[in-house]
2 protein chains.
Amino acid sequence: MPNASDNSTASSLSPASRNPYGHGNGVSDFLSNVSRFKIIESTLREGEQFANAFFDTEKKIEIARALDNFGVDYIELTNPCASEQSRLDCEAICKLGLKAKILTHIRCHMDDARIAVATGVDGVDVMIGTSSLMRQHSHGKDIEYIKKTAIEVINFVKSQGIEVRFSTEDSFRSDLVDLLSIYSAVDEVGVDRVGVADTIGCASPRQVYELIRVLRGVVSCDIETHFHDDAGCAIANAYCALEAGATHIDTSVLGIGERNGITPLGGLMARMVATHPEYVKSKYRLNKIKDLEDLVAEAVEINIPFNNYITGFCAFTHKAGTTYEIINPVDFGMTRYVHFASRLTGWNAIRSRAQQLNIKMTDKQYKECTVKIKALADIRPIAIDDADSIIRAYYRNIQSGEDSPLMDLTADEAAQFVAKEKELGNVVSA
Amino acid sequence: MPNASDNSTASSLSPASRNPYGHGNGVSDFLSNVSRFKIIESTLREGEQFANAFFDTEKKIEIARALDNFGVDYIELTNPCASEQSRLDCEAICKLGLKAKILTHIRCHMDDARIAVATGVDGVDVMIGTSSLMRQHSHGKDIEYIKKTAIEVINFVKSQGIEVRFSTEDSFRSDLVDLLSIYSAVDEVGVDRVGVADTIGCASPRQVYELIRVLRGVVSCDIETHFHDDAGCAIANAYCALEAGATHIDTSVLGIGERNGITPLGGLMARMVATHPEYVKSKYRLNKIKDLEDLVAEAVEINIPFNNYITGFCAFTHKAGTTYEIINPVDFGMTRYVHFASRLTGWNAIRSRAQQLNIKMTDKQYKECTVKIKALADIRPIAIDDADSIIRAYYRNIQSGEDSPLMDLTADEAAQFVAKEKELGNVVSA
C-alpha cells in the first residue's frame, strides 16, 4: 500500500492506484514469488496419466524438446519403475542435452530411488501419502516410519550428487502437525524442495495461501506445489501458493492428467502475464504456446477447448464494442478479433472495424451506421462481410453529400442493399 | 479452529481435523456465505455476448426453462434496449411464469430503466463503469454525476416495486474511495444489491476476498459478483467472494460470454459441492447439468471441453489405481470410469475391474495379474477388452489349480494369448 505519511508520493498516484486490492498497484510483500517462480512441467508424468495419453518414445522426445524450447525450468517424467519402457524413455530424454533439468517421479522406496538415479536424471521427485485416508488405504505406514524412509531415500539421492524433492500426497487432508513434522525433518537433512499436493483437487485459494505461508516459516528449502482442477481452482491455487512463498509450480500442457487434470501451462502463463508481464515475457517463449498445445492435443487426440486460455478460439474475441483485455494477444503470437456483426454490436466496434477498412467518419456517423447494422442483425445473423458492406456504402453516401445516409431504409431495404453491394463486388472478407 | 482450551473436544477430533487450513474441518466464520449463496444465471445476457451465440426467441425460451428446471435463483436477460427483438424476447420470458426471478441488464440511464421496467421483469441490473480507464474511454462522466444518475435510476425502479441492483464495471481497476463512496450512496437509497465486476478478468482470489470484505463492512444490502476467466480465476474468485460475504454469483452455462467467458455454472457447482454438498444438493438439480450444457453447447455450436468440470469425458476417469475424488459423479447423474489398461495401471484398478466382472481373487493374485497386463501394455496400447481377457483367463487358470498362472509367459506370448481369447469369443467389451 502507498505510504500514507508520504504525501508527495501518494498525490502522484493515479486514481486506480488508490485501490489497495486492485490490479497493478505495485503492492507486494517479501513472501511473494509471483515474479520469480519456476515451472516443473509434468506433461510427461502427470500428463501420461491422462485417460487418452499413450506416448511412444518418439512422441515423448518431441514433447520434451518442445517444452525445452518454450523454456520450462524442469521436465518431470514417469517413474522408471512403472515399466521397462518408461525407464528406457527416461534414459533417452536425459541424453538429449536439454537446457531444462530432467526429473523423475518415484515412490518413497530405496528400490525406486536406485533405479531412478541410474537413468541419469538431474533430480528425483519423491512422493508419499500422509493423509489419514491415504495412510489407511494406500500403504498403512505411520508417520515415524514415513520420516525414516524419506530420510534414507533423500540421503541416498543427495549422495549421488543430484536434486531431491520430498512431497506428501493429498496434503490438504493431512494432519498439519504430521505434515510440518515431516517437512521439517526432510528440510533438516538437506532436501532441495518439499512438495505440497492437492491430489484430489479440493483445496481453495485461501487454504493454500495459509498452509504455504506456515510452511514457508518452517522450512528453508524451496517449496513446490501441485494442484488438481476438479473444483476449478488449479490456476488460482498456484497463484496463491506463489503469493505465500512457494517457488515452483507443477503444470502440464492443457492441464492433462488424472481426471480433469492439473494447472495448465498456458493458463498459468495467462494468469502470470496479466500480473507480472516482465518476468514471464523475458523468461518463457510465449509465442510457442500454441504449437506446444497443438502438439500435445494431437498426441492425446483431444480438441483444444473453445474457451482455452490464450489459444481458445474465443479468447480474444469481442462482441460488444470495447475491447477489455488484460492480456495482449500479440505476446502469444495471436491476433484479436472483434466479432461485431450482431445485435449487441456497439458503435465502438463499428468504428474500430471501419478504421481497419481505412474509413474515417465522425462519432455521430459511426453511431448512425451502427443503428443500421443492428437493424439488419435483428432479422438474421449477419456475417462480417455484410457489416463491411454497410459501412462502406454508408461512407460512400457521406462522401456524395447525403445528410442522413441509409437512415431511412427499412431492414428489408438494408438487406436488399447488402445483396446489391455483393453483386457490385464491394464485399470484403475479414 | 478447535478451541485449544477445550481438551475433550480437541482430543476427539480425527487427525485430518487438525489441519486448520484443510478440507472439511468445519472451520467457518460469520462472514462466509459459501453455504447460502444465490445464482444469477447470465447465459441469456453475458452468454449472448459469446462470439458464437445467436439465440432466437424459441431457443431463449428453451434455455430459460432448462435453467429454471435446474433451480437457478435468477435469470438475467440482455438489455431490452439492445434491439427490438431483445425487448420482445424479454417480455416473452417474463410471461413464462418461471420460479426463477427474471432480471434484465441495463446501462445507468433513465431511458433504459423505463423500457426495462415495462417488460415485466422482476428486477433490473444497472451497470456503469467507474475505473479511471472506463471514465476516460467509455463515457467520460465523473463520480458525482454517476452517483446522481444512479440514485435517480434506483429510485425510479424501486418506485415500480421491483428489485434493483447497481454494479460498477471494471471494479478491480477502480479507485477504492470512489467505489466505496458510490456503493455507500446507493445502499443508503435502498438498492437491493450492489455488484462488483471483474470485467477484464484480472482479479486474483485474495484481492477479491479483501475488496468484498471491506465492502461487506460498508453496505448493508446484498453483494453480487461477476468474474471473467481470462486469467483462470473465475471459479476461485467466486468462491473467495462468498467467503468474504458476497451473496450472489453470476454464472453462465459452460461459462460462455465475452472472450473466454465467466464463472461456469457447472464449474461453480463442482467447487461448491466439494465443500458444501448439503446446500448445493438440496437446492439445485445437479443431475440436470449435463442436459443443460448439451443444450447450450449445441445452440452455440461448440464442443464440451474434454476437461470440463463434471461432464467432460475425463472428469471422473482414472488411470492410476486409486480413485481420488472429492466429487461423487453419481450426484450429477454421471458414472465413474477407471481407465485401467495402460502401463501405469495399479493393481487396485485391476481388482476393481475384476470385481465388476464378478471375479474374486486374492490380493497376491490381483498383483500377479497386473504384472501381466502391464507387460502387454508396454508393447502396444491395449484396449479395455484386452485386459478383460487377461483377467478372465488368469482367473480360469487359478480355478484349474495352476500355481503361478500366466507368470511365465513372455509379452509376445501374452499377446498371442489375447488373440486366442478373442477367437474363443471370451472378450467382453466395457
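Reference entry: report on the structure contained in this document. (Residues numbered from 1 in each chain as written. Chains lettered and ligands numbered in written order. Predicted model: local features only at pLDDT ≥ 70, side-chain atom pairs only at ≥ 80, totals over all residues. Heavy atoms only, no water.)

### A look at the sheet that holds strand β5 (residues 163–169) of chain A
All names here are of chain A.
Next, step 1: Read around the closed barrel, eight strands run β1-β2-β3-β4-β5-β6-β7-β8, paired in parallel fashion. Averaged over all neighbouring strand pairs, the angle between strand axes comes to 25°, with direction disregarded.
Next, step 2: Strands in contact with helix α6 (residues 143–159) are β4 (123–129) and β5; relative to β5, the strand with the most contacts, it is inclined by about 160°.
Next, step 3: Taken strand by strand, helix α7 (residues 176–188) contacts β5 and β6 (193–198), and its axis lies near 175° from that of β5. (Pairing = 2+ DSSP bridges. Helix = DSSP H or I, 4+ residues; strand = E, 2+ residues; numbered from the N terminus. Axes fitted to C-alpha atoms, helices over the stretch in contact; angles between N-to-C directions. Contact = heavy atoms within 4.5 Å.)

### With respect to the environment of B:Ile63
All names here are of chain B.
Next, step 1: Position of Ile63 relative to the elements: it lies in helix α2 (residues 57–70).
Next, step 2: Classification of Ile63 as buried rests on a relative accessible area of 0%.
Next, step 3: The sequence separation of Ile63 and Ile146 amounts to 83 residues, and the corresponding C-alpha distance is 34 Å.
Next, step 4: Apart from residues no more than four positions distant in its own chain, Ile63 is found in contact with Thr43, Leu44, Phe55, Leu295 and Val296. (Buried < 20%, exposed > 50% of the residue type's maximum accessible area, 1.4 Å probe, protein only.)

### What about the sheet that holds strand β3 (residues 101–107) of chain B?
Residue and element names in this part refer to chain B.
Next, step 1: Judged by pairing direction, the barrel is parallel, and its eight strands sit side by side in the order β1-β2-β3-β4-β5-β6-β7-β8 before closing back on the first. Each strand axis lies, on average, 25° off the axis of its neighbour in the sheet, ignoring direction.
Next, step 2: Across the sheet, helix α9 (residues 234–243) touches β6 (193–198), β7 (222–227) and β8 (248–251), and the angle it forms with β7 is around 165°.
Next, step 3: Against the sheet, helix α10 (residues 265–275) engages β1 (38–41) and β8, with an angle of about 170° to β1.

### With respect to the pattern of salt bridges
All names here are of chain A.
Next, step 1: Summed over the entire model, instances satisfying the criterion amount to 52 salt bridges over all chains.
Next, step 2: Two residues, Asp112 and Arg107, come together in a salt bridge whose shortest N-O distance is 3.1 Å.
Next, step 3: A relative accessible area of 46% means that Arg107 is categorised as partly exposed.
Next, step 4: Among the salt bridges present, the one from Lys158 reaches Asp192, with a minimum N-O distance of 3.7 Å. Separated by 34 residues along the polypeptide, Lys158 in helix α6 and Asp192 in the loop between α7 and β6 bring together distant segments of the chain.
Next, step 5: A single salt-bridge network, built from bridges that share partners, covers Lys101, Asp125, Glu163, Arg165, Arg193 and Glu224. (Salt bridge = Lys/Arg side-chain N within 4 Å of Asp/Glu carboxyl O.)

### Details of the environment of A:Glu243
Next, step 1: Mapped onto the elements of the fold, A:Glu243 is located in helix α9 (residues 234–243).
Next, step 2: Through-space distance from the C-alpha of A:Glu243 to that of A:Ile146 is 29 Å; in sequence the pair is 97 residues apart.

### A few points about the side chain of B:Glu46
Residues and elements named next belong to chain B.
Next, step 1: Relative to the elements of secondary structure, Glu46 occurs in the loop between β1 and α2.
Next, step 2: Taking relative accessible area as the criterion, Glu46 reaches 2% and is therefore assigned buried.
Next, step 3: Within the local environment of Glu46, its side chain forms a polar contact with the backbone nitrogen of Glu258, the two atoms lying 2.9 Å apart.
Next, step 4: Once you skip the residues sitting within four places of it in the chain, Glu46 turns out to touch His226, His228, Ile256, Gly257, Glu258 and Ile262. (Polar contact = N/O pair within 3.5 Å; in protein donor to acceptor, adjacent residues only side chain to side chain.)

### Focus: α10(B)
The periodicity of an α-helix, 3.6 residues per turn, causes residues three or four places apart in sequence to face the same way.
All names here are of chain B.
Next, step 1: A large share of α10 lies buried, amounting to ten of its eleven residues.
Next, step 2: Taken as a whole, α10 has its buried residues at Leu265, Gly266, Gly267, Leu268, Met269, Ala270, Arg271, Met272, Val273 and Ala274.
Next, step 3: Packed against the buried residues of α10 are β1, α2, α9, β8, α11 (277–283) and α12 (289–299).

### Quick notes on the packing of helix α6 (residues 143–159) of chain B against helix α7 (residues 176–188) of chain B
Residues and elements named next belong to chain B.
Next, step 1: One can describe the packing of α6 onto α7 by two numbers: an axis separation of 10 Å at closest approach and a directional angle of 25°. When the axes of α6 and α7 are compared, the pair comes out roughly parallel. Relative to α7, α6 is oriented so that their crossing is right-handed. Where α6 abuts α7, its residues Ile143, Ile146, Lys147, Ala150, Ile151 and Ile154 lie against Asp178, Ser181, Ile182, Ala185 and Val186. (Parallel < 35°, antiparallel > 145°, perpendicular 65-115°, else oblique. Left-handed = near helix turned anticlockwise from the far one by under 90°.)

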